[in-house]
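Coordinates in review
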Amino acid sequence: MLIKVPLSWLREYVDVSVPPDELARLLHMSGTEVDRVERSGGGWENVWVGRVAGLERHPNADRLTLATVEYGGGRRRTVVTGATNLDPGAIVAYGEVGARIYDGHTGKPVTLVPRKVRGVPSEGMVLSERELGIGEDHEGILRLDPALPVGAALADVLGETVLALELQPNRPDCLGVVGIAREVAALTRRQLREPERAELDFGALDPDRLEVRIDDPEGCPRFAAALLEDVRVGPSPRWMQERLASAGMRPIYNVVDITNYVMLEFGQPLHAYDAERVRGRTLVARRAAPEERLRTLDGVERGLPARTLVVADRERALGVAGILGGEDSEIRPETTAVALECASFEPRGIARTATALGLHGSSGSAAARRFAWELSPALVPIALARAVELLVRHAGARCAGAVDRNPRPRAITPVRLRGVDIARVLGTPVADDAAVDALRRLEFDVEVRDGELTATPPAIRTDIAIPEDVIEEVARIVGYEHIPTRIPDGPLPLHQAHPVEEFRERARDALVGFGLQETVSYALIDPAWLSRLAPDGCAIAPAPLVVTNPTSVTQSAVRPTLRASVLDTLRRNHHQRASLGVFEIAPTYMPRVRDLPEERWTIAIGLAGDAEPAREGETRLVARRPWDIWDVGGLVRGLCEALSVEPPAGSIAPGALGLHPGRAETWMHEGRTAVAYGQLDPRVTEWWDLPAATFIAELDLRSLFALVRKPAAAPPSRYPAASRDLAIAIDDAVPYGEVERAIRDAAKSGLESVALIDLYRGPQVGAGRKSVAVRLTFRSESATLAEDDIERSLRRIEGRLRHTLGATVRS
């Protein structure tokens, strides 16, 4: 979570004795990540502290004024302004020509240029808060402190340095400025100054005036509230508004600003209710009733999901606990009595509710993002007392009493460790005195007895539970840079073989080698896709698992097949490329009853468009060739060959659901589809807006792995081989595979290998014919082959080729 800490605010609680960049380095090296250091005055070039030397009426406009501004060194300029809050001698922010400011209407950065307003030149501007980017006020000009030196650069006297910190969920104690001040105090050996807090008597509130109750201690372990009367709602002090704006929050009015201010101070959110609108003068933390609804502060009427934790009065919910208040009980300008609530909520429930209501992430409230971390319940009375102090001081409030319900106080468990434990974990020894000093600087209660160190963390730390947590604190404060870097010693862990992963990588390498492009897609898909994979809505896979609270409908189901993802990839890309050949290797998810889903690793191949686009050949135009069934079948068989997979005997069947009848094939293994490939059904291609020549293949990796041929090793023959070349002419439609099969069947034994060495089409063999030249290698395992043995084998091969394939042997 990104929080912003103005340096002037930080200095209120700890003396900062180092420059901002060094402070950022110290925090960063101690584990509090500093994203950047912002300087709000960095963009105020050519903006000065000016004094209004004179005011005159505009000669051509009743509502405009000519203000003469002097800004040091004898410099004087006249500007045209419509502001009504100026008088001679006022100290203002003056931007001369060339200054970069924010447009008061659009909020966008602009550069000041000379211009005429109703015929009178205006040389620059006197600026409002919004134009300077430090607030929202644009009704009048920003009046500066009269003590500021005229002619000084505004960035030098009004600029603010802000630390932008990227906090991690294990450090909820750093969500407030006081928490960061505590870190700085520990790192720089300075004293922490706690903010002033009211002295609250938590037993003095009459329950007839305000009753506070916890009905669900699991969801709300601590609930405190204070009743404030005689409240005057109005603007906050300017210093508070400036600090809120520097920290990234918009000032509203004092009551709401004070709750936000205390949240930024301590990290603990609070909420203020109009006490006159709290029915029955009761605040209760409970679960939402069935079908209960609430109009929240953002004006949206919301149905509350089951088990939603709410803060309610005796009749209805007032707000979603820890996330968003209700519109009916919000603070209004006429409010005079405030019920101020400060509570601790169970973080996982807050996160689930925020997600269910669509208020998670950047769209969620600042309170919800903080409550989703494990805030310490000890912050509740501290933050409440601080807010009461500020309301009394800046809203004229009178505290009528407070109450704190804490039925299950959080136990703080001491952690025990030894000095050798520190050396074992950090790899270097740390002196006992140094470790104790580091922990005490972090407000740990530390005892050392008989070589054992007992560290009790402060109540605000919810992240300390085991010795390693305490050792980390020691390392942070002593300094990670003081831990020497060295090569780890000890035995290396044994490498664990993962044969299925290696098998998967071999498959990926083979498919890339075939010229296909690998794609990666989301596991969450649109469930409507599955109904478009087969005609008539037939299901090719089980009903998918559905996400309970998806980010969108298009990502609401966990895919049970890769086919939809590959077809979507082809659909989105085939208009840009004439030839598409892609593959994806990823898990699919099959539902199980009363168990986690079954994860099946799957390979999907998709071909669309042309295998070979039209091109200019050496002598003629080569026509385009679309993908065909032999291409996808060749890829499947080539992959199986590369993986040493033996197709399952007797289990290859034609057809597959969603594929073209007669142009598809399915391989089964142990009752499970191992491979399905073929041309997409024409109705399916129409739904997906794909060309007719679209082919798909899906292969189950587990089945393929089970079909891997076991390697067999045999000693090489002691006898020499003999090679013969054979050329035959056959019909062009006869595939080479038929030729090789006929040769091997005829040879029976003694034939070691058959290799294709030449393919010819032309006038010497005639139209519709081709010449195939093969090299035959013969070898015997028991003796040197005689010439007569080789000739007999050749005659058998030639005879088989003539009779089965109509081949002609060429000399």
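Residues numbered from 1 in each chain as written. Predicted model: local features only at pLDDT ≥ 70, side-chain atom pairs only at ≥ 80, totals over all residues. Heavy atoms only, no water.

Structural notes on the overall build of the protein
Scanning the protein from terminus to terminus reveals 20 helices and 43 strands. For 811 residues, the compact-globule estimate of 2.2 N^0.38 gives 28 Å, and the C-alpha radius of gyration of the protein, at 40 Å, exceeds that figure by more than 25%. The buried share among the 811 residues of the protein stands at 48%. Across the protein, the fraction of contacts at a sequence separation of at least 24, relative to all contacts at a separation of at least 6, is 69%. With the model as given, the accessible surface of the protein reaches about 40,600 Å², and the carbon-plus-sulfur share is 50%. Side chains of the protein carry 101 positive and 115 negative charges; the gap between the two charge centres is 3 Å. (Helix = DSSP H or I, 4+ residues; strand = E, 2+ residues; numbered from the N terminus. Rg over C-alpha atoms; globule rule 2.2 N^0.38 Å. Buried < 20%, exposed > 50% of the residue type's maximum accessible area, 1.4 Å probe, protein only. Contact = heavy atoms within 4.5 Å. Areas by Shrake-Rupley, 256 points an atom, 1.4 Å probe, with all protein chains shown as cover. Lys, Arg positive; Asp, Glu negative; His and termini not counted. Charge placed at Lys NZ, Arg CZ, Asp CG, Glu CD.)

Topic: the side chain of R222
You can see R222 is positioned in strand 14 (residues 222–229). Here the side chain of R222 touches P377 through a polar contact of 3.3 Å, landing on its backbone oxygen. Not counting residues up to four positions away in its chain, the partners in contact with R222 are I214, A343, S344, P377, A378, V380, P381, D404, R405 and N406. (Polar contact = N/O pair within 3.5 Å; in protein donor to acceptor, adjacent residues only side chain to side chain.)

Quick word on the sheet that holds strand 2 (residues 33–39)
The strand order across the open sheet formed by three strands is 1-12-2, and the pairing between neighbours is antiparallel. Every interior strand has two partners, whereas the edge strands, strand 1 (2–6) and strand 2, have only one. Across the sheet, the mean angle separating the axes of adjacent strands is 25° when strand polarity is ignored. Where strand 2 and strand 12 (residues 161–166) come together, six bridges link them in antiparallel fashion. Residue pairing for strand 12: R39 is matched across the bridge by T161. (Pairing = 2+ DSSP bridges. Axes fitted to C-alpha atoms, helices over the stretch in contact; angles between N-to-C directions.)

Focus: the packing of aromatic side chains
Under the counting rule described, the total for this entry stands at seven aromatic pairs. Relative to Y261, the ring of W9 lies with its centre 4.5 Å away and its plane at 20°, an arrangement referred to as stacked. In this pair, W9 is assigned in helix 1 (residues 7–10) and Y261 in helix 7 (residues 254–266), connecting sequence segments 252 residues apart. The exposure class of W9 is buried, given its relative accessible area of 0%. Between F503 and F705, the ring centres sit 5.3 Å apart and the planes meet at 75°, which makes this aromatic pair edge-to-face. A residue pair is termed long-range when its members are at least 10 positions apart, and F503 in helix 14 (residues 499–513) and F705 in helix 18 (residues 701–706) qualify at 202 residues. Looking at F705, the relative accessible area reads 34%, which means it is partly exposed. Aromatic rings pair up to connect W9, W239 and Y261 into one cluster. Taking the ring centre of W48 as reference, the NZ or CZ of R75 above it sits at 4.7 Å. (Phe/Tyr/Trp six-rings, centres within 6.5 Å; stacked < 30°, edge-to-face > 60°. Lys NZ or Arg CZ within 6 Å of the ring centre and 35° of its normal.)

Digging into the pattern of salt bridges
The full count for this structure, using the stated rule, is 74 salt bridges. A salt bridge links E196 to R393; the nearest nitrogen and oxygen atoms lie 2.9 Å apart. A residue pair is termed long-range when its members are at least 10 positions apart, and E196 in the loop between helix 5 (177–188) and strand 13 (211–214) and R393 in helix 10 (residues 379–394) qualify at 197 residues. One salt bridge in this structure joins R316 and D328, with 2.0 Å as the shortest N-O distance. Within this pair, whereas R316 is found in the loop between strand 19 (309–312) and strand 20 (317–320), its partner D328 is found in the loop between strand 21 (324–325) and strand 22 (338–344), the two being separated by twelve residues in sequence. With a relative accessible area of 37%, D328 lands in the partly exposed category. (Salt bridge = Lys/Arg side-chain N within 4 Å of Asp/Glu carboxyl O.)

What to know about the environment of A337
Here A337 is to be found in the loop between strand 21 and strand 22. Here A337 falls in the buried class, since its relative accessible area comes to 5%. It is 9.5 Å that separates the C-alpha atoms of A337 and R277, two residues lying 60 residues apart in sequence. If we skip the residues at most four places from it in the chain, A337 touches L228, E229, Y273, D274, A275 and E276.

Side note on the packing of helix 12 (residues 432–441) against helix 13 (residues 467–478)
Contact pair helix 12 / helix 13: the axes reach a minimum separation of 9 Å and the direction vectors enclose 90°. What the angle tells us is that helix 12 and helix 13 run roughly perpendicular. Along the contact surface, helix 12 presents A434, A435, A438, L439 and R441, while helix 13 presents V470, E473, V474, I477 and V478. Split by residue class, the contact of helix 12 with helix 13 holds eight nonpolar, no polar and two charged. (Parallel < 35°, antiparallel > 145°, perpendicular 65-115°, else oblique. Nonpolar A, V, L, I, M, F, W, Y, C, P; charged D, E, K, R; others polar.)

Side note on helix 2 (residues 20–29)
Within helix 2 the residues assigned to the buried category are P20, L23, A24, L26 and L27. The buried side chains of helix 2 occupy one side of the element, clustering within an arc of 160° when seen end-on. The secondary structure elements touched by the buried residues of helix 2 are helix 1, strand 2, strand 12 and helix 5. Looking one or two residues past helix 2, G31 carries a phi angle of roughly 100°, positive in sign. (Arc of directions from axis to C-beta.)

What to know about the sheet that holds strand 41 (residues 751–760)
The strand order across the open sheet built from four strands is 41-42-40-43, with neighbouring strands paired in antiparallel fashion. Of all the strands in the sheet, the pair left with one neighbour each is strand 41 and strand 43 (808–810). Pairs of neighbouring strands in the sheet enclose a mean axial angle of 30°, with direction left out of account. Each of strand 40 (722–731), strand 41 and strand 42 (769–778) touches helix 19 (residues 736–747); the most contacted strand, strand 41, lies at about 145° to it.

What to know about unusual backbone geometry
Unusually for a residue other than glycine, R307 sits at a positive phi of about 70°. Position of R307 relative to the elements: it lies in the loop between strand 18 (301–303) and strand 19. For R307, a relative accessible area of 57% corresponds to the exposed category. With a phi close to 70°, E443 is a non-glycine residue in the positive phi region. With respect to the helices, strands and loops of the structure, E443 is situated in the loop between helix 12 and strand 25 (445–449).

Considering the confidence of the model for the protein
Chain-level statistics for the protein give a pLDDT mean of 88 and a share of 97% at 70 or above. The weakest mean pLDDT in the protein belongs to strand 34 (residues 621–622) at 64; the strongest belongs to strand 27 (residues 517–518) at 96. (pLDDT = per-residue confidence, 0-100.)

A look at the nonpolar core
Counting residues in each nonpolar core, the largest one holds 124 residues, and the members touching the most others are L10, L23, F223, L283, L340 and F345. Core analysis: the second largest hydrophobic core is formed by 30 residues, A507, V632, A693 and L699 among them. (Core = buried A, V, L, I, M, F, W, Y, C linked by side-chain atoms within 4.5 Å.)

A look at helix 5
An ideal rise of 1.5 Å per residue puts 16 Å on twelve residues; helix 5 measures up with 16 Å between its terminal C-alpha atoms. Among the twelve residues that make up helix 5, twelve are buried, leaving the element largely enclosed by the rest of the structure. Backbone geometry just after helix 5 places R189 at a positive phi near 55°. (Expected span 1.5 Å × (residues − 1).)

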